[in-house]
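Survey of secondary and tertiary structure
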Amino acid sequence: MGRIRQQDIEIQRKRLAREQGTIRKDWGGRLPIALCYPNSYAIGMCNLGFQSVYSLFNSAREFVCERVFAEPVLIGSRSAGRGDWTGDDGYRVEGRLEALGEPLSVESQRPLGDFAVVAFSLSFELDYFNIGDVLRRAGIAPLAADRVETDPIIIAGGPAVSGNPEPVAPMLDAVVVGEVEPIVAGLQEVFLGGGSRADQLARLARLPGVYIPANYAIGYAPDGTIERVTPADAEVALPVARLNARNVNDFHTMSAVLSPDIELGDMFLVEMTRGCARGCRFCLAGYTSLPVRHRHVDHLIQAVEQGRRLRKRIGLISAATSDHPQLEQLLARMLEVGADVSLSSLRIDRISPFLVEALVRSGTRTITLAPEAGSQRMRDVINKRLTHEQIVHAAELAGRGGIPRIKLYFIVGLPGETDDDVRELAALSAEILERAREHHRGARVAVNLSPHVPKAQTAFQWEAMENVETSTQRIKLVQRALGPLGIDVRFEAPAAQRVQAILARGDRRLAPVLLDTQRLQQFELNLRKHGLDPDFYLGSMDPNGIMPWSLVSTGVPEWYLKQEFGRARGLGGQEIPMLDLPPKAAAVVEAARLAGSAA
Ligand code: SF4
């Protein structure tokens, strides 16, 4: 166990003093929950899901929920070395290494052992490395099987574990699959009902959307694939179905605590919509957040007005902000109440002169566009239904409307991609710069490249990840083509994306490896030490096999994912394995294959 250090108490107090909206409740007679974001304060506080669960738990009179962050974070992962410990840019990794006290809550500076429940918010796979560290420093056994009666119950939720909880399943007593709103009353009943850990876990297992990893035994075949999943008894659900809030107009999802010490410190965040139905075949958010649920404008304006009292800039958040059917009406009303608007995700085919004007009036100087792929062929493969003309037109609208900087997001290493597709990506970026400059002489373009990570629960879940050498070579190809034009090309490191890919489709044998890894760079070496082969997790997988994440279900049927996988393969001219599809889906795949071979 770590020590409770005065300097850590001071850090939390300093943060508290600079925050607005902190919820402070008396502990008397209440059940204490530590809501833990396993990364730094600066990153966790920008996460609207984390903030909304904080409000939600605290809205229950019988709960008191306090925030805990995982500092120091794993060396080499997101945010390491970015000076986000205290908001002090001078802070360095070496400083973090010295910071080995016990994790403390921000609100009352209590250690995790004082809480009845520890709830991890898991949005990103690389945060998994910090879970074991937080628990160990708090004196809590990192593996659920080793916990004793006096330990808190360790639960988790969030997009990453709702898609595939398995790599961290052995560390967790329970996982909430999907959205938390529908289950708060059930959690209250279980936790306030008391009883032993075993009693509480048995009651949790009966709640919809709750996955108890210890209730399932996994059998592996000699080649490492999963042979069988055996539930503990006939009452245990298999798979555990994802929870979704029904009427998003019954509640607000918005910033709870504001702090000047984080990247989005000048912004109040409001969630507009849940879900995205565009069906991009690589996208975890798209497949796991259906159905699409828009909030009404009147409802959103209430949240905007509340936020406007605290911040001038309001950030509208959703997977596809510009798909809201009344977006223009909402923006007009936001400008009327004096708010500056920031949009988290603009769909290229929804950009209009009005939208650009609203952004310019709000002080926006950079617009982010995500064509994802440079060639029409690859956009068809990934189901990004955008034409070349639509993309270039969006850039023109931005330039004409007075936005001088355009950021473009592309994925490299997509299934079936060739060097020619990547050359088209570079040519498209160059054309966008040229068109934007026709309207705005000082226009600038920056390109961000992200090596593709095949994610569980998507149509690409069975695809192999492109190897590091090819991805690196394609990134260099883009740099060489665009550097001379003054286009800044940034990229996610292919090696770090590999680690993310292993975790995204991993099974529960990865948990001990996570617990043994202190530096991201050691992970693959440690995998081998544990007798596991990184390429097993990075290669293509059998569409008819049992996947580790088959224990949970997002509601999208497997035949549909197979159909989309087959369509992508067909359109890309790639081989299509036996998919065992219903007749209509098989016909859809065959039509794609014919279209792909005719192209
Ligand atoms: S990439 Fe964007 S548009 Fe496509 S499904 Fe995902 S959230 Fe929707």
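Residues numbered from 1 in each chain as written. Predicted model: local features only at pLDDT ≥ 70, side-chain atom pairs only at ≥ 80, totals over all residues. Heavy atoms only, no water.

1. Digging into the environment of leucine 335
Checked against the element boundaries, leucine 335 lands in helix H11 (residues 327-336). Taking the C-alpha atoms as reference points, leucine 335 and phenylalanine 63, 272 residues apart in sequence, are found 37 Å from one another. Those residues in contact with leucine 335 that sit more than four places away from it in its chain are Val341, Ala358, Arg361 and Ser362. (Helix = DSSP H or I, 4+ residues; strand = E, 2+ residues; numbered from the N terminus. Contact = heavy atoms within 4.5 Å.)

2. Considering the sheet that holds strand S17 (residues 444-451)
Taken together, the four strands give an open sheet; going across it, the order is S15-S16-S17-S18, and neighbouring strands pair in parallel fashion. Looking at which strands have only one partner, the edges of the open sheet turn out to be strand S15 (366-372) and strand S18 (488-491). With strand direction ignored, the average angle separating the axes of adjacent strands in the sheet is 20°. Relative to S18, S17 runs parallel, the two being bridged by four bridges. Each residue of the ladder has a partner; that of valine 447, found in S18, is valine 489. In this fold helix H15 (residues 419-439) packs onto S15, strand S16 (405-412) and S17, with an angle of close to 170° to the strand it touches most, S16. (Pairing = 2+ DSSP bridges. Axes fitted to C-alpha atoms, helices over the stretch in contact; angles between N-to-C directions.)

3. Quick notes on the sheet that holds strand S10 (residues 267-271)
Strands sit in the order S10-S13-S14 across an open sheet of three strands; the sheet is parallel. Looking along the sheet, the strands with just one partner apiece sit at the ends: S10 and strand S14 (340-343). Neighbour-to-neighbour, the strand axes of the sheet open up by a mean angle of 30°, direction not taken into account. Two elements, S10 and strand S13 (residues 313-317), share five bridges in a ladder whose sense is parallel. Within S13, the residue paired with methionine 267 across the bridge is arginine 313. On top of the sheet, helix H10 (residues 297-308) reaches S10 and S13; it is set at about 165° to S10, its chief contact.

4. Regarding empty space enclosed by the protein
Across all of its chains, the model carries three cavities of 30 Å³ or more by this definition. A volume near 70 Å³ is recorded for the second largest cavity. Lining the second largest cavity are Met45, Cys46, Gln51, Ser255, Val257, Leu258, Ser259, Ile262, Leu264, Gly265, Met267 and Leu269. Tallied by class, residues from the lining of the second largest cavity come to eight nonpolar, four polar and no charged. (1 Å grid on protein atoms, 1.4 Å probe; cavity = no way out; pocket = protein on both sides within 12 Å on 5 of 7 lines; lining within 4 Å. Points joined across faces, edges and corners; volume = space filled by probe spheres on them. Nonpolar A, V, L, I, M, F, W, Y, C, P; charged D, E, K, R; others polar.)

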